[in-house]
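Below, each chain spelled out in residue letters.
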Amino acid sequence: CSRLLHALSGQTKLAFTKSLLVPEKFKKETRDKCVQFVCQDIRRYDTISGKGFTQLAQHLVDTAARIGKFDVCEILPHPTTVSRNVEMRAQSLRKHVVEEITATISKFGCAVTADIWTETYRKTSFLSATIHYVNEQSELHSRVLFAAPFDPSTSKTGENIRRHLLQNLRVFGIDATDMGKKIIFVTDRGANMISALREYTRLNCTAHILNVTLSSAFGTAIIEKSPEIASLLTDVKKLVTYFKHSGQQGKLKKSLKQSIGTRWNSNFDMLNSVLEQYEDIASVLTESNNYDKIGRISISTLKLLVSFLKPFKEATDDLETDNTAPSASLVLPWSVRLIEHCTSATKDPLLSEIATVCVTRLKELLSADSTSSHSVHMLYKIATFLTPNLRGLRMLDERGRQNVIQGVKEMIEDLKFDHAHDEDVEPTPAKRPTVLHKFSDWEEEEESCGSKSLDVQIQEYRTMKLELSSQQNILQWWNSNSSQFPALSNLARFVLCIPATSAPSERAFSLCGRILEERRSVLKPSSVSDILFLHGNLK
């Protein structure tokens with residue numbers, strides 16, 4: 001019997017070492033079971049393609065291959081058991097994350113985004129934080145750390161936010177006070193958040209700045225000076241509302257989008273959704289004798305306004321990158337490009353008032369005055385310099401370029417990035433003496449890469465022949481050239497991990513909204529934080 005079991009186990013292992021072609025009959029049965037699953041349990045269709053669901057299904061298949069057919073109820077745990085294990089798994093994974101990030105961030109620093117959100121059902125407020133750092137392999141990592149609930153009786157003052165944030169960061173071995181300038185916070189410009197982090201280096205979320213710029217330009221006082229633009233916006237909003245309320249929306253290929261003040265680039269999304277389907281909308285309205293609803297909308301003005309807003313949309317999308325590539329280096333070039341775009345638009349009579357406001361606000365963003373609430377922080381300018389393809393800083397004048405170079409030198413000295421770390425330096429083997437050692441006082445001194453002065457490193461970096469395609473990973477380039485530019489490489493690992501926006505924390509809250517849906521509104525706040533952490537860190 002034992003020999004038979006051994007033989008069978010060998011066959012099972014052999015049969016599942018490669019993917020098998022599944023007969024169509026079994027595929028159809030599986031499709032039917034998927035339909036039954038989403039309908040009986042009221043689940044979204046895309047649940048079937050979710051990573052967690054497919055991993056669970058594969059595990060059950062593999063288990064059946066090992067032990068044979070079984071009643072699945074015998075292996076699936078009770079919901080309460082799953083709940084308890086979520087907490088245990090989160091605690092275990094936190095220890096692993098601490099071990100991974102501690103040494104790296106103490107050496108090369110990190111960035112943290114933070115934001116506050118209040119859920120709908122019980123009005124519990126959460127403080128979220130994400131961490132961004134470059135690991136030993138020069139790979140950019142972004143992790144969700146927590147969505148920590150506030151005590152209901154605690155007001156959201158700057159002092160309370162600071163205490164809550166620092167306390168939860170310490171759970172991950174991150175002591176912001178000890179790290180000093182090697183930790184950078186990126187947040188929105190809420191007064192309480194600014195107050196909470198006044199003792200630390202805090203950068204404004206650039207996407208918020210762009211949104212504030214457009215909000216100012218399209219404010220009532222400015223729009224009243226541009227009656228044709230104001231009329232267009234009003235008519236398009238009415239058009240979208242009509243389609244959504246009349247049942248005509250289903251006759252279009254894509255849904256029209258309504259402008260919502262709190263949503264970034266909302267005017268662009270609305271106007272563009274109408275422009276892309278202008279002819280189809282006109283046809284639908286003609287059939288229902290309502291052509292006047294689009295007839296009063298000037299297609300030329302619509303195209304003009306969409307063209308003006310499009311670069312803001314593109315800039316926001318680029319700056320809100322999904323954290324797989326550095327975004328800090330994009331803040332300066334996009335700010336300059338938008339100023340050029342808006343300056344050109346001031347020459348158009350229809351856009352003049354709006355574009356002028358945008359230029360004024362964006363110039364505040366680029367202000368040389370570092371105390372300006374809109375100023376592009378020197379860190380973002382340095383990030384652009386440390387992007388090889390943009391190292392010439394051609395978007396700045398010569399004075400601006402020299403200020404950035406000086407900022408690089410001061411930061412490297414301040415953070416001691418010009419000193420090699422003992423564990424990274426291999427001992428130089430002793431050289432065997434030769435006859436020439438008798439004349440060593442006349443020998444040429446050899447300057448090692450590690451002993452190059454910072455000025456020499458900067459000069460060589462600025463003038464070197466660049467071998468980097470626009471698709472090549474910037475951090476890997478710095479890793480490959482770290483021996484030639486040790487100090488600059490260390491600085492790049494720090495500066496290029498900084499996100500341009502606080503979008504990572506906002507995305508975390510979007511996930512919280514999915515976790516705390518109506519049927520799970522009684523979920524404990526600590527469970528919400530555990531689920532969010534596991535979602536963001538499980539591989």
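Before any of the text, the structure's been laid out above.
Residues numbered from 1 in each chain as written. Predicted model: local features only at pLDDT ≥ 70, side-chain atom pairs only at ≥ 80, totals over all residues. Heavy atoms only, no water.

(A) Looking closely at the pairing of strand β2 (residues 125–134). Within β2, 10 of the 10 residues are buried, which leaves it mostly tucked inside the rest of the structure. Burial of the side chains of β2 extends over both faces: Ser125, Leu127, Ala129, Ile131 and Tyr133 are buried on one face and Phe126, Ser128, Thr130, His132 and Val134 on the other. Two strands pair when backbone bridges link them, and strand β1 (residues 110–118) and β2 are joined in this way by eight bridges, in the antiparallel orientation. Across the sheet, isoleucine 116 pairs through a bridge with leucine 127, a residue of β2. The hairpin formed by β1 and β2 contains six residues between the paired strands, and lysine 123 there has a positive phi angle of roughly 60 degrees. With nine bridges joining them, β2 and strand β3 (residues 140–149) adopt antiparallel strand pairing. Looking at the pairing, tyrosine 133 lines up with histidine 141 of β3. Here β2 folds back onto β3, and the loop between the two strands holds five residues, one of which, serine 138, carries a positive phi near 60 degrees. (Buried < 20%, exposed > 50% of the residue type's maximum accessible area, 1.4 Å probe, protein only. Helix = DSSP H or I, 4+ residues; strand = E, 2+ residues; numbered from the N terminus. Pairing = 2+ DSSP bridges.)

(B) Seen up close, the pattern of salt bridges. Taken as a whole and assessed by the stated rule, the structure comprises 16 salt bridges. Across the pair arginine 296 and aspartate 292 runs a salt bridge whose closest N-O atoms are separated by 3.3 Å. On the accessibility criterion, arginine 296 (47% relative accessible area) is partly exposed. Each of the salt bridges in this network shares a partner with another, and the network as a whole consists of Glu159, Arg162 and Arg163. (Salt bridge = Lys/Arg side-chain N within 4 Å of Asp/Glu carboxyl O.)

(C) Fine view of the nonpolar core. In terms of nonpolar packing, the biggest core is built from 91 residues, with Phe218, Phe308, Trp478, Leu491 and Ile498 touching the most fellow members. Per-domain counts for this core show at least three residues from each of domain 2 (80–205 + 502–538) and domain 3 (210–367). Sequence-distant contacts of phenylalanine 308, defined by excluding residues within four places in its chain, comprise His341, Cys342, Ala345, Leu351, Ile354, Ala355 and Cys358. (Core = buried A, V, L, I, M, F, W, Y, C linked by side-chain atoms within 4.5 Å. Domains from an automatic or database assignment. Contact = heavy atoms within 4.5 Å.)

(D) Seen up close, unusual backbone geometry. Even without a glycine there, the phi angle at isoleucine 42 is positive, about 50 degrees. Secondary-structure assignment places isoleucine 42 in the loop between α2 (24–40) and α3 (51–67). For isoleucine 42, a relative accessible area of 58% puts it in the exposed group. Not every positive phi belongs to a glycine, and lysine 123 is a case in point at roughly 60 degrees. By the secondary structure assignment, lysine 123 is in the loop between β1 and β2.

(E) Looking closely at helix α8 (residues 206–217). Given a rise of 1.5 Å per residue, 12 residues ought to cover 16 Å, and the 17 Å separating the end C-alpha atoms of α8 matches this to within 8%. Burial of α8 is extensive: nine of the 12 residues sit out of reach of the surface. Among all positions of α8, only Thr206, Ala207, His208, Ile209, Leu210, Asn211, Thr213, Leu214 and Ala217 are buried. (Expected span 1.5 Å × (residues − 1).)

(F) Representation of the state of the cysteines. Using the criterion set out here, one finds zero disulfides in the structure. Cysteine 110 takes part in no disulfide bond, and the closest cysteine sulfur, belonging to cysteine 497, lies 6.7 Å away. Overall, cysteine 110 belongs to the buried group, its relative accessible area being 0%. There is no disulfide at cysteine 358, and the cysteine sulfur nearest it, in cysteine 342, is 4.5 Å away. With a relative accessible area of 0%, cysteine 358 lands in the buried category. (Disulfide = S-S within 2.5 Å.)

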